[in-house]
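Residue-level listing of the chains:
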Protein chains: 2
Amino acid sequence: MVRAGLTTERVVRAAADLADIVGLDSVTMSALARSFGVKDASLYSHIKNVSELRERIALLAAEEIADRFGAAVAGRSGKDALVAFADAYRTYALERPGRYAATQLQIDPALAAESAGARHKIDLTYSMLRGYGLAEPDLTDAVRLLRSTFHGFVSLEAGGGFGHPRDLGASWERAVEALHIALENWPASGSRTSGRRRTS
Amino acid sequence: MVRAGLTTERVVRAAADLADIVGLDSVTMSALARSFGVKDASLYSHIKNVSELRERIALLAAEEIADRFGAAVAGRSGKDALVAFADAYRTYALERPGRYAATQLQIDPALAAESAGARHKIDLTYSMLRGYGLAEPDLTDAVRLLRSTFHGFVSLEAGGGFGHPRDLGASWERAVEALHIALENWPASGSRTSGRRRTS
DNA sequence: CAAAAAACCTAGGGGCCCTAGGCAGAAAAC
DNA sequence: GTTTTCTGCCTAGGGCCCCTAGGTTTTTTG
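To keep things clear, this report deals only with the structure shown in the data block. (Residues numbered from 1 in each chain as written. Chains lettered and ligands numbered in written order. Predicted model: local features only at pLDDT ≥ 70, side-chain atom pairs only at ≥ 80, totals over all residues. Heavy atoms only, no water.)

Some points on the relation of the copies chain B and chain A
The two chain copies are connected by a rotation around an axis plus a translation along it.
Then, number 1: Take chain B, turn it by 180°, move it 0.0 Å along the axis, and it overlays chain A with an RMSD of 0.0 Å. Accordingly, the operation relating the two chain copies is best matched by a two-fold axis.
Then, number 2: When the interface residues of chain B are mapped onto chain A, 100% of them are again interface residues, pointing to one common binding face. (Least-squares fit on C-alpha atoms with pLDDT ≥ 70 in both. Contact = heavy atoms within 4.5 Å.)

Here it is in structure tokens:
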């Protein structure tokens, strides 16, 4: 009987591809086993359970994302870097929806330690913001703002949450510009009721 | 044999409460039936299937949200309205995580037609932005920016996506302020590379 | 080539989703 | 007030999924 040649890495890669096609929730051990032409029990020597499978998809995605984002911002700064970063973010999320969805999972710390590429993604966001001259805690607040808007937009877009006929790419560009403006005019601390821009 | 007194509404309400406790994905027909002390087959006279159950949770949530948001912005305008709206948004999402998660589902149009309160929520966002003097398509872009940031933030927060020790409430306040600034200095059309604020 | 290790298997238990069809309590009709 | 009808909940059962235990066959290794 010819063997399928399963390894953890090959299984995870196939699972990621499957996730991009049928959605992360539909990545089941059974479906994955079928795609390899083996029985589901056979997968359990490579993957502990279905949660670990999905978390490993997330780790794979994190590495790919770090690569893409790094390439996108390399040699750019300021608004150019922001736009490139943002576009790389959205492109990845739309091209690889299953992988992207996996990145939102809680990862078991023991597993995350194996492939430490996960944290790298956040670091890139921080370094991209250097150009705006923010200091902590504003820097963290700004990183959170960017992550929130990016993640919110692409997840609403992917989920069909935007019903209006207005072109989504155009709305995205304007959103990124608006963020750029917000970063350039970052509010001074403790101004919840006043709120006029500073002179950047 | 004493009956449980199931109705569609009571079942959905219990499902929503269950979702807030155990998470939307763990709202199963079996678990729900157990909570009523009936067999799962008994639920199918009130609810077509588990998808419809979750969508009905979303409709319930949409009504509650419309109420809360309406109350939050009533009598306010400009930044006050934005802050009140934002805080109402985040509060609801954190207080009722299961219901909130349901609002991100795709709803069957036939079902949505029954309880038309769903669309109301978007209208509120539009009307809240009136004060910033935006015209279409900028208005839609701005609504999408707000929805993206709000949804992104609370979903990252709920999913434990923010690891930094910086206080989340403070980051939220700054994010809302930053959005306010972006709205006041909304970029002029077609300025992807220039990008200086206009004089509001 | 023999032994050890790895890859894949069968068997089986438990949970969830959902359909079909039955019976008994409650409401409606007379 | 009885009979009829309706409805609420039931049992039975099939399908898919997750996962464990333990066996067999292939590959690797000394």
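A look at unusual backbone geometry
Then, number 1: Backbone torsion omega between A:Glu136 and A:Pro137 reads 5°, so that peptide bond is classified as cis.
Then, number 2: Summarising the element assignment, A:Pro137 is placed in the loop between helix H7 (117-129) and helix H8 (138-158). (Helix = DSSP H or I, 4+ residues; strand = E, 2+ residues; numbered from the N terminus.)

What about the packing of helix H3 (residues 50-73) of chain A against helix H4 (residues 78-95) of chain A?
All names here are of chain A.
Then, number 1: For the pair H3 and H4, the least separation of the axes is 8 Å and the interaxial angle reads 150°. Judged by the inter-axis angle, H3 sits roughly antiparallel to H4. For the crossing formed where H3 meets H4, the hand is right-handed. The residues of H4 that touch H3, namely those facing Ala61, Glu64, Ile65, Arg68, Phe69, Ala72 and Val73, are Ala81, Ala84, Phe85, Ala88, Tyr89, Thr91, Tyr92 and Glu95.
Then, number 2: Looking at the contact of H3 with H4 residue by residue, the classes come out as 11 nonpolar, one polar and three charged. (Axes fitted to C-alpha atoms, helices over the stretch in contact; angles between N-to-C directions. Parallel < 35°, antiparallel > 145°, perpendicular 65-115°, else oblique. Left-handed = near helix turned anticlockwise from the far one by under 90°. Nonpolar A, V, L, I, M, F, W, Y, C, P; charged D, E, K, R; others polar.)

Some thoughts on the pattern of salt bridges
Then, number 1: A complete count under the given rule lists 22 salt bridges over all chains for this structure.
Then, number 2: Between B:Asp20 and B:Arg99 there is a salt bridge, with its nearest N and O atoms 2.5 Å apart. Here B:Arg99 lies in helix H5 (residues 97-102) and B:Asp20 lies in helix H1 (residues 8-22), a separation of 79 residues in the sequence. Accessibility classification places B:Asp20 together with B:Arg99 in one group, the buried group.
Then, number 3: Among the charged side chains, a salt-bridge network with shared partners connects A:Asp17, A:Asp20, A:Glu64 and A:Arg99. (Salt bridge = Lys/Arg side-chain N within 4 Å of Asp/Glu carboxyl O. Buried < 20%, exposed > 50% of the residue type's maximum accessible area, 1.4 Å probe, protein only.)

Considering helix H4 (residues 78-95) of chain B
Residues and elements named next belong to chain B.
Then, number 1: Its 18 residues place the ends of H4 26 Å apart at the C-alpha level, agreeing with the 26 Å of an ideal helix rising 1.5 Å per residue.
Then, number 2: Listed as buried for H4 are Lys79, Ala81, Leu82, Val83, Ala84, Phe85, Ala86, Ala88, Tyr89, Arg90, Tyr92 and Ala93.
Then, number 3: Looking at the buried residues of H4, the elements they touch are helix H3 (50-73), H5, helix H7 (120-128), helix H8 (138-158) and helix H9 (168-184). (Expected span 1.5 Å × (residues − 1).)

Structural notes on the interface of chain B and chain A
Then, number 1: Opposite the 53 residues of chain B that make contact, chain A presents 53 residues.
Then, number 2: Between chain B and chain A lies a buried interface of about 4700 Å² when both sides are counted; carbon and sulfur atoms form 47% of it.
Then, number 3: Linking chain B with chain A are six salt bridges, by the criterion used here.
Then, number 4: Here chain B is connected to chain A by 23 residue pairs in polar contact (both at pLDDT 80 or more). (Buried area = accessible area lost by both parts, 1.4 Å probe. Polar contact = N/O pair within 3.5 Å; in protein donor to acceptor, adjacent residues only side chain to side chain.)

Considering helix H1 (residues 8-22) of chain A
All names here are of chain A.
Then, number 1: For H1, which comprises 15 residues, the first-to-last C-alpha distance of 21 Å matches the rise-based estimate of 21 Å (1.5 Å per residue) to within 8%.
Then, number 2: Those residues of H1 that sit buried are Val11, Val12, Ala15, Ala16, Leu18, Ala19 and Asp20.
Then, number 3: Packing partners of the buried residues in H1 comprise helix H2 (29-36), H3 and helix H5 (97-102).
Then, number 4: At the C-terminal side of H1, Gly23 shows a positive phi close to 95°.

Observations regarding the packing of aromatic side chains
All names here are of chain B.
Then, number 1: All told, the structure shown has 16 aromatic pairs over all chains when counted by the stated rule.
Then, number 2: An angle of 70° between the planes, with centres 5.7 Å apart, marks the rings of Tyr89 and Tyr100 as edge-to-face. Remark: Tyr100 occurs in helix H5 and Tyr89 occurs in helix H4; sequence separation between them is 11 residues.
Then, number 3: Tyr89 gets classed as buried once you look at its relative accessible area, which sits at 11%. (Phe/Tyr/Trp six-rings, centres within 6.5 Å; stacked < 30°, edge-to-face > 60°.)

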